[in-house]
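Observations on chain architecture
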Amino acid sequence: MGKIVPLSGNSAVAYAVKSADVDVISAYPITPQTTIVEKLAEFIANGELDAEMIHVESEHSALSAAVGASAAGARVYTASSSQGIVLMYEIMFIASSLRLPIVMTIAARALSAPINIWNDHSDFMAVSDTGWVMMMAENNQEAHDDVILAYRIAEDPEVLLPVATALDGYFMTHTIEPIDLIEREDALSFAPKRKTWFTLDPDKPVTIGALGDPQWYFEFKRQQYEAMKKSREVFEKSVDEFAKVFGRRYGAVEYFGDENPEVVLVAMGHVVGNIKAYLSRVRGKDSRAGVLKIKLYRPFPEDLIVKYLEGVKIVGVVDRALVPGSASPGPLHSEIVATLRKHGVDAKTLSFVSGLGGRPVTHEHIGVMFSKLSELKDKPASELPKEPLFIGVRE
Amino acid sequence: MPSWKELPIGAVILEPGSSRRYKTHEWRTLRPVINQDKCIRCRICWSYCPEPAILEVDKPYVTSTNRRYEITYMVDYDYCKGCGICARECPVKAIEMVPEVR
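Since this is a predicted model, take the numbers as computed values, not measurements.

1. A closer look at unusual backbone geometry
A cis geometry characterises the amide bond from A:A113 onward to A:P114, with omega recorded as -10°. Summarising the element assignment, A:P114 is placed in the loop between β5 (103–108) and α6 (122–126). In this chain, A:R298 is followed by A:P299 through a cis amide linkage whose omega measures -5°. At A:L160, a residue that is not glycine, the phi angle is positive and equals roughly 50°. Within the secondary structure layout, A:L160 lies in the loop between α7 (140–154) and β7 (163–168). Take A:L160: there are 24 C-beta atoms within 10 Å of it, and that puts it in the buried class. Positioned with a positive phi, B:R41 is a non-glycine residue whose angle comes to about 60°. Among the structural elements, B:R41 can be located in the loop between β1 (30–34) and α1 (44–48).

2. Digging into the packing of helix α11 (residues 302–309) of chain A against helix α12 (residues 331–342) of chain A
Residues and elements named next belong to chain A. As a packed pair, α11 and α12 sit with axes 10 Å apart at the nearest point and diverge in direction by 80°. With respect to each other, α11 and α12 are oriented roughly perpendicular. Along its contact with α11, which presents E302, I305, V306 and L309, the element α12 presents I336, T339 and L340. For the contact of α11 with α12, the residue count by class is five nonpolar, one polar and one charged.

3. Things to note about helix α5 (residues 89–97) of chain A
All names here are of chain A. What α5 keeps buried is the set I91, M92, A95, S96 and S97. The elements touched by buried residues of α5 are α3 (59–71) and α9 (217–246). Just beyond α5, the residue with positive phi is R99, at close to 65°.

The rules behind the values
Each chain has its residues counted from 1, following the order in which its sequence is written. Just so you know, chain letters begin at A and ligand numbers begin at 1, following the order they were written in. Restriction of local features to residues with pLDDT of at least 70 applies here, the model being predicted, together with a cutoff of 80 or more for giving and counting side-chain atom pairs; totals for whole chains, interfaces and linings are based on all residues. Secondary structure elements follow DSSP: runs of H or I no shorter than four residues count as helices, runs of E no shorter than two count as strands, and numbering proceeds from the N terminus. Using C-beta atoms placed from the backbone, we call a residue buried if 20 or more other C-beta atoms fall within 10 Å of its own, exposed if 12 or fewer do, and partly exposed for counts in between. A fitted line through C-alpha atoms represents every axis, and for helices the fit uses only the stretch in contact; the resulting angles, taken between N-to-C directions, go from 0 to 180 degrees. What sets the label is the angle itself: under 35 degrees gives roughly parallel, over 145 gives roughly antiparallel, 65 to 115 gives roughly perpendicular, and the rest give oblique. Here the contact rule is simple: place C-beta atoms from the backbone, and any two residues whose C-beta atoms are within 7 Å are in contact. Residues are grouped as follows: Ala, Val, Leu, Ile, Met, Phe, Trp, Tyr, Cys and Pro are nonpolar; Asp, Glu, Lys and Arg are charged; every other residue, Gly included, is polar.

See below:
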């Protein structure tokens, strides 16, 4: 066990990046991510981390430089939020298609307009189709640990995909919690630096980023699909070993609540903690309710979702992002519905959209959600609302 | 053609210079055909071809009117994309664009 120190979420992430002994950091400041790379700059200035810090002119360049450094064989890190993440969008596809094991932290924040620097999952969800492995933490310790897990998964020769780890802006990035620090030695023994991918080496020249015409492109997409699938197994192996080494067990999904629940809320990020607290304190442990946290968003852990939601009467999905016009305007709800339908699980679902633009999801809101679920749990699916319920908006 | 399982990942190309084997003529719908009798060896097609797919070959040619040239202009059909610039620029209309049919 390492030292336990009080750290903000962003500092917790920065300490993990330092322990991962990254070679290159390329980033552009944006709230609420800024203090991650600020802290890293401080580590480099103090001689605590031997890394190259590349100051770039935009997030598009930040990820482009990361792609170049990773192609040269470096262990690379970057971080961003909101507008910065969506400015990286183009390069995110390139990073995953070139199979470069870049690790990036998303300090989750709303997207403009109106300009909003506070937390929701708009940025995270907006880049969920870019071919990156994606996970989201519930607390600062997890955000710290996720960085080490991310390098282990990204650089696994069977995966070789970039990994995004997310933490909620402000609610976590700027909130101080006690952190059990992973020291460099332990981090590097768990996630050793090994050049498992093709790199630009003058002694062994290769071409990276060439044209792939209609005779070739499809095959590489098929490979990418397989790598993402493989990352699911590697994730499981990695969290198992992580638990053995560090004593903290994470799951692609984590369930908390009644052993035989009738109603379950599905959520991501810090709100999961609020729901747990609500279930423990307000509702009491005797009710047949629970919360299912989704930690791993890509690849979406269908098998475990089926395992936990089979037999549940009604599932409420809390989305902190909104996709107007979609069959399900809550992106997480959309994934859950697809999973249940695909696997023939007949649990009913209800979509809750809540906490956009930093509005807190309070116990009162969570209470409304559980009441709705209880009210509708025995109704036929045809009588359920077809549109999301907006919890906490002024009507 | 190799299956997706046989290819190196990330569309990385391991063999230097392998693009030489990539023949881009597949894009062509019209092929330029040079009438060697009409051609006056002015070199305009050679200089306008963006590819370049007009080859200047040291190969003597005698026309039907017994005029002897020391060079011959030929089309590199492996790389000609059929843009037709050569035919348009030819001052004596010695190049005809013929539809590609297989």
